[in-house]
Every structure is written in C-alpha cells, then in structure tokens.
Amino acid sequence: MKNYFLAILVIAMAITGCEKEPQEITNSTADLKSVTKSNNYGVLVSSNTSGVINYYDVVNGISNPQRLSFEVPYADADGIVYDQKRDAIYQVNRTDSELVAYGGYDKASDGDMLMTTATGPSTFSNGREATFYNNKVVIADDLAEGGRLVSYHVNEKNISDYREFNVDFQVWGIQIVGKDLWAIEDATNKLAWFQDFFRAKSGDLDPTAEVAIEGLVRTHGLKYDAYSDTMVLTDIGDAGSADDGAIVIISSFTTKFMAAVNSDGIISMEDQIRIAGDQTELGNPVDVDFSNSKNAIFVAERAQQKFLVFELPIDSGNYAPVYSDDVPGASAVTTTF
Ligand SMILES: [Ca+2]
Ligand SMILES: [Ca+2]
C-alpha cells in the first residue's frame, strides 16, 4: 500500500512539475504558426480601439518576442482568456456587450481575421476583465451603482448564461484561483477575496475579506501566481495622468493578506515591491499578467498605448521595461501558458 501511495505521489509531482515549469522548446525557424501551436509560450493583448489582438511569442525570451497580429470584428474589446484544452480564445466584446469565442486559433496566421465561433447573451453593459476556469468564464461588469460578476458556460461553439452576482463595489480586475475569486475594487486601493466562489449562488455576493494596499492610488489589474505565492497589482494613479502608473508586487502574499485581514486591514508599503518612475512607461496600467517560470510581468498600458514587459525585480525601483511595443488601445493581457 505504501508503494502504491508513493507511486501516486511521484506521478502527481511529475504532473505538477510539467504544469509549473514547462520545458522550453527552442525553435529557431521562422515558422511562427508552428511556434504558436506547439509551444504556446505567448501573451495575448486586447485593444479597445483597433479591432486587433496581438500575440507575443516569448518562447525565446521576454526581451525580444515575435509578434503576430490578428484582426477581430469588434473595435472595442477588453478581457481576454485562452482555453488551452480547446485552443480557443474568449474575449469581452464591448462593442456589442457580449462574450465571444474564437475557435481554431491554432490555424490562424499573422494578419488573419479570427472567426467568431460563438457569441454569448448580452448580459453585461460595461465589461472589463475576464477569467477562465473549468469551462466557465467570469467577466467583471464595472458599474458605478455597484459591480456585477457574470459567469458563462463556454466552449468554442457555445456560450450560455450561468450565474450573475451583484457586488457592492465597482469591479475591474478579477481572477479565479482554485475555488476562490479575487477582485480589485475600482476607484480604490482595495483587494477583495471571495472564498469558495465556486459554490456561490446567484444574487448578492459579499466578499469574505477586503484589504487596502498602502501607497496604491487606484488599482485596475491583478494576477496571483499560486506556485510562487505572488500577487501583482496595477496602480493607474490619476486616470487623467499618463505618467504616474505603477506595478505593485507582493511576495509571500497569503501570509501578508491574512495578517492584514486579522489586524488593521492594510498591506503596508514595506511588504511591497513597487515599480514606478519616469523610466517605466507606466501611466494607466489597466491589466497585468505574471509568469513565474519566465520571471516576467506583462502589462497592458492604456494611457501610453503599449504592451510592456518587466523582469520581476527583487527591490522597488524606477525600472525600464525589457520590452515595449506600441499597442493602440491596449486594454487587457493574458498569458497562454
Ligand atoms: Ca495615471
Ligand atoms: Ca488579464
């Protein structure tokens, strides 16, 4: 019996290892199509003005990615997620207030128009970030009178309404982590935690806990990486200022969050690493993603209309991005790995 459990453990660790640190495949050919399909070491960026999705292949490093651009039929788009199992992209189409699917993504080449293969019901009015889990997509509906979380059953051929929740704050960045959901409270410096979101019933939903992030003015994007226990948040500062943005990194996040919940409700400046200053190109960073295996932070920078990549720093500082590319209307970002 002992050996049986040992075998299970070894298999589980092997699977976990595969997920956490996928082996890099160096591809020196110019066949971007096969790079996209076989490696999936990419970052997708939405635009809310251009009708374009950019894909940055970072398999050979984060400082010089290869870019593919795809056209989509909607000029105003936001939250974007990638479904590895079905090789589909789901995107918040703000032009028509619908979640849409683009199936057969692996067959797309640079410059192609992505085919819409499913369209969801129009059940939101100011859609922002999207998060994907277990064949469902949750989107944030950022309403001044109180935010909503709208959940859909998804696959590349069908999107159907699932559940709707009312939260008592404006909501922008969201992420499902395990059974929980994390959300930022737009127009504030607060982060909300909904434990067991999986089990929540439709209707009014109160956060399990909220904490404030000291020094942060107005947050929009978040990304939690469970493997490294790192939370990354964006600070857009004054929405009218194009050079006062910042990225906030909180390592050992679980301990710091719970300590704040059980004390004054604040994660202090000394418990954060902050990227800010005139070298950063940060003005209104509206969304962020993070890769522990690549040691990289990926940012959709709306005010300066850029896609930015930073190396994960070990101290606060005024760091220049290792990569910066002009993306008109950059509104959301997601990794595909
Ligand atoms: Ca700003
Ligand atoms: Ca995102």
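Remember, predicted model here, so these are calculated numbers, not experimental data. (Residues numbered from 1 in each chain as written. Chains lettered and ligands numbered in written order. Predicted model: local features only at pLDDT ≥ 70, side-chain atom pairs only at ≥ 80, totals over all residues.)

Draft legend 1. Representation of the overall build of the chain within the structure. Of the regular secondary structure elements, the chain holds 3 helices and 26 strands. A separation of at least 24 residues holds for 53% of the contacts in the chain among residues at least 6 apart in sequence. (Helix = DSSP H or I, 4+ residues; strand = E, 2+ residues; numbered from the N terminus. Contact = placed C-beta atoms within 7 Å.)

Draft legend 2. Main features of the sheet that holds strand E17 (residues 219-225). Overall, antiparallel pairing links the 4 strands, which are arranged E17-E18-E19-E21 in an open sheet. In this open sheet, the two strands that pair with only one neighbour each are E17 and strand E21 (273-276). Recorded for the sheet is a direction-independent mean angle of 15° between the axes of neighbouring strands. For strand E18 (residues 230-235) and strand E19 (residues 246-250), the ladder comprises 5 bridges, and the chain directions are antiparallel. Within E19, the residue paired with Leu233 across the bridge is Val248. (Pairing = 2+ DSSP bridges. Axes fitted to C-alpha atoms, helices over the stretch in contact; angles between N-to-C directions.)

Draft legend 3. Here's a closer look at the environment of Val59. Within the secondary structure layout, Val59 lies in the loop between strand E2 (52-57) and strand E3 (66-71). According to the C-beta neighbour criterion, Val59 is partly exposed, with 19 such atoms within 10 Å. Sequence separation between Val59 and Gly42 is 17 residues, and the spatial gap between their C-alpha atoms is 7.3 Å. (Buried ≥ 20, exposed ≤ 12 C-beta atoms within 10 Å, placed from the backbone.)

Draft legend 4. View of helix H3 (residues 253-261). Among the residues of H3, those classed as buried are Phe253, Phe257 and Ala260. Take H3 and look down its axis: the buried residues cluster within an arc of 65°, on one side only. Set apart from the buried face of H3 by more than 90 degrees, the exposed residues are Thr254 and Thr255. Where H3 is buried, its residues contact strand E16 (209-213), E17, E18, E19 and strand E20 (266-267). (Arc of directions from axis to C-beta.)

Draft legend 5. Structural view of the sheet that holds strand E14 (residues 190-194). Taking strand neighbours across the sheet as the criterion, the 5 strands line up as E12-E13-E14-E16-E20 in an open arrangement whose pairing is mixed. Where the open sheet ends on each side, the last strands, each with one partner, are strand E12 (171-177) and E20. In this structure, E12 lies alongside strand E13 (residues 180-185), joined through 5 bridges in antiparallel fashion. Paired with Val171 across the strands is Glu185, a residue of E13.

Draft legend 6. A look at the nonpolar core. Counting 93 residues, the largest nonpolar core has Tyr90, Val137, Ile247 and Ile297 as its most contacted members. Not counting residues up to four positions away in its chain, the partners in contact with Ile247 are Val232, Thr234, Ile275, Leu282, Pro285, Val288, Ile297, Val299 and Phe310. (Core = buried A, V, L, I, M, F, W, Y, C linked by C-beta atoms within 7 Å.)

Draft legend 7. The pairing of E17, seen in detail. A large share of E17 lies buried, amounting to 6 of its 7 residues. Across 5 bridges, E17 lies against E18 in antiparallel orientation. If you follow Thr219 over to E18, its bridge partner there is Asp235.

Draft legend 8. Structural context of the environment of Tyr323. Structurally, the position occupied by Tyr323 is in strand E25 (residues 323-326). Here the alpha-carbon distance between Tyr323 and Pro65, two residues 258 residues apart in the chain, equals 8.2 Å. Those residues in contact with Tyr323, other than ones at most four positions away along the chain, are Ile62, Ser63, Asn64, Pro65 and Val309.

Draft legend 9. Highlighting the confidence of the model for the chain. When the pLDDT values of the chain are averaged, the result is 90; 88% of them are 70 or greater. The model gives residues 1-35 a pLDDT under 50, and that stretch makes 19 contacts with residues more than four places away or in other chains. (pLDDT = per-residue confidence, 0-100.)

Draft legend 10. Summary view of the environment of Asp229. For Asp229, the location among the structural elements is in the loop between E17 and E18. Counting along the chain gives 22 residues from Asp229 to Ser251, while the straight-line C-alpha distance between them is 6.2 Å. Apart from the residues lying within four places of it in its own chain, the contact partners of Asp229 are Ser252, Phe253 and Thr254.

Draft legend 11. Summary view of the pairing of strand E26 (residues 330-335). By the criterion of burial, E26 is predominantly enclosed, with 6 of the 6 residues buried. Bridge count for strand E1 (residues 42-47) against E26 is 5 bridges, and the pairing is antiparallel. Across the sheet, Ser46 pairs through a bridge with Ala332, a residue of E26.

Draft legend 12. Region of interest: unusual backbone geometry. Look at Asp87: it is not a glycine, yet its phi comes out positive at around 50°. For Asp87, the position within the fold is in the loop between strand E4 (77-83) and strand E5 (88-93). The class for Asp87 is partly exposed, based on 18 C-beta atoms found within 10 Å.

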